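Examination of the molecular architecture
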Amino acid sequence: MKPDLVVVGSGFFGLTIAERCAEELGLEVLVLERRSHLGGNAYSEKDPETGIEVHKYGAHLFHTSNEKVWEYVNRFTSFTDYKHRVFGKYQGQVYSLPMNLGLINQFFGRSHTPDEARALIKEQASEIATEDASNLEEKAISLIGRPLYEAFIKGYTAKQWQTDPTELSPDIITRLPVRYTFENRWFNDTHEGLPVDGYTAWLERMADHPRITVQLETDFFDVAEEFKGKVPIVYTGPVDEYFNNSEGRLSWRTVDLEESVVDVDDFQGTGVINYNDQDVPYTRIIEFKHFHPEREKTHLPGKTVIVHEYSRFAQEGDEPYYPINTAEDRAKLLKYRELAKAEPMVLFGGRLGTYKYLDMHMAIGSALSMFNNVLTPHFTEGAELTSGGIDA
């Protein structure tokens, strides 16, 4: 085929661009994907032994308050009424997260009214003034006090960053919310749920268009010369990799996922439990059957699928998950954005292409904005394609 547009990457950003351009603008779109499946990190598949849907790159929970995004995604899937709740284990006890009135009462061993709890946390946080905090530990203590910090932040953060919190910048945390109610929903968005038929079915429907061709197991850089400068490209891979790391590699966190089938009906009673003790090497355990309780009869009895999740710095060849975004990274990123701005007929988007951590709804919303504000004017009015510079 001779495409009108090439999209590099088949995650939510790339597929939203592809679907909109094919459906609304009538373009022939070629999607190039280096993996053997579409969907990026949102890809899921059924475990062959148990029939349980497993998110192969870690837990993905859909939520949004963006009505345009919600309307758009419901064209391809309906959603369950799943509400995500997280629990944290510390010194042999399990607490309901995020930090709320239930956790405060349980942790301090007595009942508090909301006002009493506010006064308690304010008193404990007065140990350090926020403006005087010189590292992450001091910043956290200034926000929630030392007892809650040492139980629920210190060990978990040290494992996430492989660094003592006293050596981490206070800028890493802007706030640590405490809810002075018993509300324990993890997200506060208007809409929340999981795709009824799973993430892969949803993503496949987005790509199922007569004007979209998906080419799997294709590294863009192996075929780049065929398209660069000849056809518009939306690139959602790592921005530093596109420019051959000319300004240095950007740093990321990655996760290692150890999946196993356990011979019990229910391993932990909920989808996610964080492990806050620093001497426990993993950060959390995910049990996928709890994401879809409505499918219980389709699962093999007496077995469940769990994943131990470990966090570390990404090395070359690892899958990048979370941008570390140090001052050095930000300086490199400004240089890459200037290079991107000068790259003819190439737009950079998505989590990897912008070096931003984007939830699924944010990636979709960003793609819809690029389609409306950049691609549509280009293909309908001939407006110049210019990727973002320093203000991207």
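This report concerns the structure included in the present document. Since the model is a prediction, treat every value here as computed from it, not as a measurement.

Here is what the cut-offs are and how they apply
Position labels on residues start from 1 in each chain and follow its written sequence. Reporting of local features is limited, given that this is a predicted model, to residues whose pLDDT is at least 70; pairs of side-chain atoms are given and counted only at 80 or more, and all residues count toward the totals for whole chains, interfaces and linings. Hydrogens and waters are ignored; side-chain quantities use all the structure's heavy atoms. Secondary structure follows DSSP: runs of H or I at least 4 residues long count as helices, runs of E at least 2 residues long count as strands, and numbering of each begins at the N terminus. Burial classes: relative accessible area under 20% of the type maximum marks a residue as buried, over 50% as exposed, and values in between as partly exposed (1.4 Å probe, protein chains only). Any pair of N or O atoms that falls within 3.5 Å is considered a polar contact. Within protein, one atom must be able to donate a hydrogen and the other to accept it, and sequence-neighbouring residues count only if both atoms are side-chain atoms. Two strands are counted as paired when DSSP detects at least two bridges linking them. We call two residues in contact whenever any of their non-hydrogen atoms come within 4.5 Å of each other. Here an angle of 0 to 180 degrees is reported between the N-to-C directions of two axes, which are lines fitted to C-alpha atoms, with helices fitted over the stretch in contact. The criterion for an aromatic pair is that two Phe, Tyr or Trp rings (for Trp, the six-membered ring) have centres within 6.5 Å, with stacked assigned to planes under 30 degrees apart, edge-to-face to planes over 60 apart and tilted to the rest. The criterion is that NZ of a Lys, or CZ of an Arg, lies within 6 Å of the ring centre and within 35 degrees of the ring normal, and then a charge sits over that ring. One fewer than the residue count of a helix, multiplied by 1.5 Å, yields its expected span. Working definition: the arc comes from the directions between the helix axis and the C-beta atoms, pointing outward to the latter. Whenever Lys or Arg places a side-chain nitrogen within 4 Å of a carboxyl oxygen from Asp or Glu, that contact is recorded as a salt bridge.

Moving on, we get to the environment of Asp 359. Checked against the element boundaries, Asp 359 lands in the loop between α12 (350-354) and α13 (360-381). For Asp 359, a relative accessible area of 23% corresponds to the partly exposed category. Here the side chain of Asp 359 touches Tyr 357 through a polar contact of 3.4 Å, side chain to side chain.

On the basis of which strands lie adjacent, the open sheet formed by seven strands has the order β7-β6-β12-β13-β14-β11-β15 and mixed pairing. In this open sheet, the two edge strands, each paired with only one partner strand, are β7 (93-97) and β15 (322-323). Pairing geometry for strand β11 (residues 252-262) and strand β14 (residues 304-313), over ten bridges, is antiparallel. Following the sheet pairing, Ser 260 is matched in β14 by Ile 306. Strands in contact with helix α3 (residues 101-108) are β6 (86-90) and β7; relative to β7, the strand with the most contacts, it is inclined by about 155 degrees.

All right, on to the packing of aromatic side chains then. Within this structure, the stated rule accounts for 31 aromatic pairs. Here the aromatic rings of Phe 220 and Tyr 242 are separated by 6.4 Å at their centres, their planes lie at 15 degrees, and the arrangement is stacked. In this pair, Phe 220 sits in helix α9 (residues 220-227) while Tyr 242 sits in helix α10 (residues 239-242), placing the two residues 22 residues apart along the sequence. Residue Phe 220 is classed as buried on the basis of its relative accessible area, which comes to 3%. With centroids separated by 5.2 Å and ring planes inclined at 45 degrees, the aromatic side chains of Tyr 322 and Tyr 357 adopt a geometry described as tilted. One end of the pair, Tyr 322, is in strand β15; the other, Tyr 357, is in the loop between α12 and α13, with 35 residues separating them in the sequence. Through pairs of rings, three or more aromatic residues link up here, namely Phe 220, Phe 221, Tyr 235, Tyr 242, Phe 243, Tyr 336 and Phe 348. Over the aromatic face of Tyr 57 sits the side chain of Arg 35, whose NZ or CZ is 4.1 Å from the ring centroid. The cationic tip of Arg 253 hangs over the ring face of Phe 313; the distance from NZ or CZ to the ring centre is 4.3 Å.

Bringing the environment of Glu 116 into the picture now. In this fold, Glu 116 is placed in helix α4 (residues 114-125). Sequence separation between Glu 116 and Tyr 180 is 64 residues; the distance between their C-alpha atoms is 9.4 Å. Other than its neighbours up to four places away in sequence, Glu 116 contacts Arg 110 and Ser 111.

In this structure, β11 lies alongside β15, joined through two bridges in antiparallel fashion. What sits directly across from Arg 253, in β15, is Tyr 322.

The strand order across the open sheet built from five strands is β9-β2-β1-β10-β16, with neighbouring strands paired in parallel fashion. Only two strands of the sheet have a single neighbouring strand rather than two, namely β9 (212-215) and β16 (346-348). Recorded for the sheet is a direction-independent mean angle of 20 degrees between the axes of neighbouring strands. Relative to strand β10 (residues 233-235), strand β1 (residues 5-8) is paired through three bridges, and the arrangement is parallel. By the bridge assignment, Val 6 is partnered in β10 with Ile 233.

Compared with the 16 Å implied by 1.5 Å per residue over twelve residues, the 16 Å span of α4 between its first and last C-alpha is a close match. When α4 is considered as a whole, its buried residues turn out to be Ala 117, Leu 120, Ile 121, Gln 124 and Ala 125. The buried residues of α4 occupy an angular sector of 125 degrees when projected down its axis, which confines them to one face. Away from its buried face, by an angle of more than 90 degrees, α4 presents the exposed residues Asp 115, Lys 122 and Glu 123.

Turning to the pattern of salt bridges, a few remarks are in order. Within the structure shown, the criterion is met by 21 salt bridges. For Arg 118, the salt bridge identified is with Asp 115, shortest N-O distance 3.4 Å. Within this pair, Arg 118 and its partner Asp 115 are both found in helix α4, separated by three residues, close to a single helical turn. The class for Arg 118 is partly exposed, based on a relative accessible area of 42%. The exposure class assigned to Asp 115 is exposed, which follows from its relative accessible area of 58%. Here Lys 228 makes a salt bridge to Glu 343, at a shortest N to O gap of 3.7 Å. Placement of the pair is Lys 228 in the loop between α9 and β10 and Glu 343 in the loop between α11 (327-342) and β16, with a sequence separation of 115 residues. With relative accessibility at 29%, the residue Lys 228 sits in the partly exposed group. Taking relative accessible area as the criterion, Glu 343 reaches 17% and is therefore assigned buried. Here the residues in one salt-bridge network are Glu 19, Arg 20 and Glu 24, joined through shared partners.

What follows concerns helix α1 (residues 12-25). Here α1 contains 14 residues, and its C-alpha end-to-end distance of 19 Å stays within 8% of the 20 Å for a straight helix at 1.5 Å per residue. Where burial is concerned, most of α1 is hidden: eleven out of the 14 residues are buried. Restricting attention to buried positions, one finds in α1 the residues Phe 12, Phe 13, Gly 14, Leu 15, Thr 16, Ile 17, Ala 18, Glu 19, Arg 20, Cys 21 and Ala 22. Just downstream of α1, Gly 26 is the residue with a positive phi angle, here 70 degrees.

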